[in-house]
Protein chains: 2
Amino acid sequence: MTESHQLQTDASGDDDAYLLDRSTVAAILAAVDRDDRDQLVTLMEPLHAADIADLLEQINVADRTRLIALFGPEFDGEILTELEDGVRGNIIDTLHPQVLADAVRDLESDDVVDLVEDLDEPRQGVILDALEDADRVAVERALSYPENAAGRLMQREVVMAPQHWTVGQATDMLRNSDKLPEQFYHIVLVDPRLHPVANVTLGKLMGARRDVPLQDIAEEVFQVIPADQDEGDVAYAFNQYHLISAPVVDGDGRLVGVITIDDAMVVLDQEHEEDILRLAGVSESSVSDSVLETSKHRLPWLCVNLVSAITASLVIVTFERTIANLVSLAILMPIIASMGGNAGTQSLTVTVRALATKNLTNANVLRVIRREVSVGLINGALFASIMGTIGILWFGLPWLGAVVGAALIINMLTAAFVGTAIPVVLDKIGVDPALASGTFVTTTTDIVGFFSFLGLATLVFM
Amino acid sequence: MTESHQLQTDASGDDDAYLLDRSTVAAILAAVDRDDRDQLVTLMEPLHAADIADLLEQINVADRTRLIALFGPEFDGEILTELEDGVRGNIIDTLHPQVLADAVRDLESDDVVDLVEDLDEPRQGVILDALEDADRVAVERALSYPENAAGRLMQREVVMAPQHWTVGQATDMLRNSDKLPEQFYHIVLVDPRLHPVANVTLGKLMGARRDVPLQDIAEEVFQVIPADQDEGDVAYAFNQYHLISAPVVDGDGRLVGVITIDDAMVVLDQEHEEDILRLAGVSESSVSDSVLETSKHRLPWLCVNLVSAITASLVIVTFERTIANLVSLAILMPIIASMGGNAGTQSLTVTVRALATKNLTNANVLRVIRREVSVGLINGALFASIMGTIGILWFGLPWLGAVVGAALIINMLTAAFVGTAIPVVLDKIGVDPALASGTFVTTTTDIVGFFSFLGLATLVFM
């Protein structure tokens, strides 16, 4: 019954803790090669579903298909919930319909929601048809909430008690109930209209005398989640208030479900993943995507970047004659643009993070912008003096050093300002600042960098 | 006793859910201005410690100091644990020693560890001296574990039971114990040598008959955490295996504490923060840092970027004569470098994320590199044809279009390769790939971009 997964993964505190070890992967692939079903099952059985999912994502398509065919009826529904969308769809197509139906029927309803919400219609149908009626209704009700809403994240099975009950009454209720949820950590106290009013932890319940009113041992921190709230905000609330589970309410404030911290943690992880990829101009992707899928995912921001780069080049065109007279300008101009881009990306990333963690608000936005601009000025002045000196020593032209310095200050100051202001403005108008800011910022620093440097040089030199 | 924090934060499901609302912040600052202590306490009392911490981070230093002086003895230790390092040190210096001592004495020992581990020695001493002897010993023992180790994250209070006990025995033990931990979700079953062998959730315990052996209702997934394991790996394990709490063991495998998911979630959040900032070349920072602190934090990578940019410029110097003869090259060359940098950053970010989530392993590293290079080739060819055509139409020189195209393919192919290979190699040799990869990649794409474009142009044109 109890199996320690520590036995299968190397959790010894070194760098590779929890990495599925090489020899296990090799042994599994060897068993697949030999069509040795017994050996495969023996090797896979002790693995956690999440590790099996990782394994399936990491091996190539041919190996994956053969492994699943050989593994057959042992295939567990939980593995499906742990897989990435692309591989999941692929495996659902591969599985024998009976195996799929059995796998899905074992899952809790919130796991099924997780499983089907990103599938296309036909595959969704296959899964829903496999469910028993009651489960299908529960899943369909969850899917009626908007995508990424708390209603999709919650489990519908809630352990609740009237607010005036005592510890003894609640204990007897739990002892006598037929089917408790697989995982629960609190009893939700509700008023007669089913509005949640407090949470009691099971630990407190077990430690208290039978005649103590539940209200007296309720948690101090209590947060109710509206069913239509965005899952990102749900994850934020769990992280900010250290919640373990929180009741979910409908528009009338009535209890409809409960969200637990493990689901909130998965969302937090996904939101970070999105932010980090969006900042780099990559849309949703995974190591198991095909070459063509990946190429397509990368295209949009490469296109935007091309337009941006051409725009910056048009600035250079304006100063063609100056460059023809002094090629040194062509040598120095990428440095001005690059330093601005780098400084802008720094300000941008700090600002995007501060917005995501709600640390940048109306109360401090002006102060943060002022600080970033001051930083831009200080670091601009510092690098202006360094690069100005290098310019003079390199090309022997004092005026060129001065122009390099002035352009650097202008560009790093601009970088700090746009790196902070653009994400703030995008956030205000409801656009994800992580998604669009990067290109705006580097386009601006390229244009301002080229224009200020070549413009000043033209003024002085021509 | 029970207070709903929903009343104070606007959790209505819109964009600003959980944002401390403007009017509350304004009212608090107004109360501070009027020296109205009663009003301040009334306004602050319903707020969660985490929100008060955010408020203190967002207002300016003068307001903060006056607020804390006025708030005085009401200052809660939990607020300190929620603060960022910089502001925390600042506030510890501001607090009256007696207020500080009272605030700290109310905390659980793992929160005190969290509080003191990043403080400098004298401040650490002030806090430790305020503790009672038993607590101080517990904190000092935790601090004896390496920084970022599981031993610092765990709470020492564990609820355990011999593995052969029944539900009835465990229930009686809980009912009769004087002091249970503030938060606990499992009973850890141990063998006679105190080695943890299984977890029983409180929910299962409450739902089972008294004569059922605890072993029979133990959790299927059970993960033991070594006390010296890195906290990042701990967070990974909680996220991967959906753990709620896990026992921590010393070098001999004996139970020494327990880590709960809320602490793991905080670590996951911090690790992400680090990754995202490091990718942008920013070391640890916060919106409440001063201008000079911020300037200093940004300097190192700006310096690295300057060296990198100058190196790339040295490539341009080599082709000074070619540019002097055809200034159009100076106009086009930033486009080649920029597209390479962008494609490289995409590959880099995907690779760094895949390494962080342990989705990139020995099993698939070669396939991932091959895929990225194929993507680089496909997108390189695509943009080569677009930009080649633009080059021909723009400058009327077919050979220039061909050179632009060839250079773009070379640079985007290089970008894909180095964007994937560099973080993989850094990870292998134990350097955080998020920290150092960015500059390596863009330096390479700048150099290869300039060299291939100007080099080919020189071959063809001169």
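Residues numbered from 1 in each chain as written. Chains lettered and ligands numbered in written order. Predicted model: local features only at pLDDT ≥ 70, side-chain atom pairs only at ≥ 80, totals over all residues. Heavy atoms only, no water.

Engineer: Looking at this model, I keep getting lost on the pairing of strand E3 (residues 186-190) of chain B. Mind explaining?
Structural biologist: Side-chain positions along a regular strand alternate between the two faces of the sheet. Residue and element names in this part refer to chain B. The element E3 is extensively covered by neighbouring structure, given that five of its five residues are classed as buried. Both faces of E3 are covered, namely the face carrying His186, Val188 and Val190 and the face carrying Ile187 and Leu189. In this region the chain leaves strand E2 (residues 160-162), passes through helix H12 (residues 167-176) and returns to the parallel neighbour E3; the handedness of that crossover is right-handed. Summarising the sheet, E3 and strand E4 (residues 196-201) pair through five bridges and their orientation is antiparallel. What sits directly across from Ile187, in E4, is Val200. Here E3 folds back onto E4, and the loop between the two strands holds five residues, one of which, Leu194, carries a positive phi near 70 degrees. (Buried < 20%, exposed > 50% of the residue type's maximum accessible area, 1.4 Å probe, protein only. Helix = DSSP H or I, 4+ residues; strand = E, 2+ residues; numbered from the N terminus. Right-handed = clockwise from strand over helix to strand, strands pointing away. Pairing = 2+ DSSP bridges.)

Engineer: Looking at this structure, how should I read the sheet that holds strand E7 (residues 245-249) of chain A?
Structural biologist: Hydrogen bonding along the main chain pairs the strands of a sheet, whether they run parallel or antiparallel. All names here are of chain A. Taken together, the three strands give an open sheet; going across it, the order is E6-E7-E8, and neighbouring strands pair in mixed fashion. Here the strands that pair on one side only, and so sit at the sheet edges, are strand E6 (225-226) and strand E8 (255-260). Pairing of E7 with E8 involves five bridges; the strand directions are antiparallel. By the bridge assignment, Ser245 is partnered in E8 with Thr260. Those strands touched by helix H14 (residues 231-241) are E6, E7 and E8, and its axis lies near 65 degrees from that of E8. (Contact = heavy atoms within 4.5 Å. Axes fitted to C-alpha atoms, helices over the stretch in contact; angles between N-to-C directions.)

Engineer: Would you explain unusual backbone geometry in this entry?
Structural biologist: As a rule of thumb, non-glycine residues mostly have phi less than zero, and peptide bonds are mostly trans rather than cis. Residue and element names in this part refer to chain A. A positive phi angle is found at Asn148, which is not glycine, with a value near 65 degrees. If you trace the backbone, Asn148 turns up in the loop between helix H10 (133-143) and helix H11 (150-153). Phi at Leu194 is positive, roughly 70 degrees, even though this residue is not glycine. Since its relative accessible area comes to 28%, Leu194 is described here as partly exposed.

Engineer: What is the right way to read the sheet that holds E3 of chain B from this model?
Structural biologist: Residues and elements named next belong to chain B. One open sheet accounts for three strands, arranged E2-E3-E4; its pairing is mixed. Sheet topology places E2 and E4 at the edges, where each strand pairs with a single neighbour. Sheet twist, expressed as the average angle between the axes of neighbouring strands with direction ignored, equals 30 degrees. Bridge count for E2 against E3 is three bridges, and the pairing is parallel. Each residue of the ladder has a partner; that of Met160, found in E3, is Val188.

Engineer: Help me out: how do you make sense of the environment of Thr420 of chain B in this one?
Structural biologist: Relative to the assigned elements, Thr420 of chain B resides in helix H20 (residues 398-428). Thr420 of chain B sits 74 residues away from Gln346 of chain B along the chain, and the two C-alpha atoms are 9.4 Å apart.

Engineer: Explain the relation of the copies chain B and chain A here, please?
Structural biologist: Note on the chain copies: they are related by a rotation about an axis and a translation along it. Each copy superposes on the other: chain B lies on chain A with an RMSD of 0.0 Å after a rotation of 180 degrees and an axial shift of 0.0 Å. Such values leave the two copies arranged in the relation of a two-fold axis. Both copies contact each other with a shared surface, as 99% of the interface residues of chain B are interface residues in chain A too. (Least-squares fit on C-alpha atoms with pLDDT ≥ 70 in both.)

Engineer: Sorry, what's going on with the nonpolar core here?
Structural biologist: The nonpolar side chains of a soluble globular protein tend to be buried with one another. Met333 and Phe453 of chain A together with Ile323, Met333 and Phe453 of chain B are the most contacted members of the largest nonpolar core, which totals 72 residues. Once residues lying within four places of it in the same chain are set aside, the contact partners of Met333 of chain A are Ile316, Ile323, Phe450, Phe453 and Leu454 of chain A together with Ala330, Met333 and Pro334 of chain B. In this structure, Ala149 and Ile259 of chain A together with Ala149 and Ala235 of chain B belong to the second largest nonpolar core, which totals 54 residues. (Core = buried A, V, L, I, M, F, W, Y, C linked by side-chain atoms within 4.5 Å.)

Engineer: Is there a simple way to explain the interface of chain B and chain A in this structure?
Structural biologist: Many descriptions give the size of an interface as the accessible area lost when the pieces come together. Listed per partner, the contact involves 151 residues of chain B and 150 residues of chain A. Note on chain B versus chain A: buried area summed over both sides is about 13200 Å², and carbon and sulfur give 61% of it. When the area that chain B buries against chain A is broken down by residue, the three leading residues are Tyr18, Met206 and Met265 of chain B, summing to 7%. Counting every contact that joins chain B to chain A gives six salt bridges. The salt bridge involving Glu273 of chain B is made with Arg353 of chain A; its shortest N-O contact spans 2.4 Å. Counting the contacts that link chain B with chain A gives 48 residue pairs in polar contact (both at pLDDT 80 or more). (Buried area = accessible area lost by both parts, 1.4 Å probe. Salt bridge = Lys/Arg side-chain N within 4 Å of Asp/Glu carboxyl O. Polar contact = N/O pair within 3.5 Å; in protein donor to acceptor, adjacent residues only side chain to side chain.)

Engineer: Help me out: how do you make sense of the pairing of E7 of chain A in this one?
Structural biologist: All names here are of chain A. Burial analysis of E7 places five of its five residues in the buried class, which makes it a mostly covered element. A two-sided burial pattern is seen for E7, the buried positions comprising Ser245, Pro247 and Val249 on one face and Ala246 and Val248 on the other. For E6 and E7, the ladder comprises two bridges, and the chain directions are parallel. Following the sheet pairing, Pro226 is matched in E7 by Val249. Hairpin connection of E7 to E8: five residues between the antiparallel strands, including Gly253 at a positive phi of 80 degrees.

Engineer: Looking at this structure, how should I read the side chain of Asn199 of chain B?
Structural biologist: Residues and elements named next belong to chain B. For Asn199, the location among the structural elements is in strand E4. With relative accessibility at 4%, the residue Asn199 sits in the buried group. Once residues within four sequence positions are removed from consideration, Asn199 is found in contact with His186, Ile187, Val188, Ala218, Glu219, Phe222, Ser245 and Pro247.

Engineer: What is the right way to read the confidence of the model for chain A from this model?
Structural biologist: In regions of low pLDDT, the predicted coordinates are not meant to be interpreted in detail. Residue and element names in this part refer to chain A. Of the residues in chain A, 96% reach a pLDDT of 70 or more, and the chain-wide mean stands at 89. Note that residues 1-15 has pLDDT below 50 and, in this model, 48 contacts with residues that lie over four places away or in other chains. The ipTM assigned to the predicted complex is 0.87, against a pTM of 0.88. (pLDDT = per-residue confidence, 0-100.)

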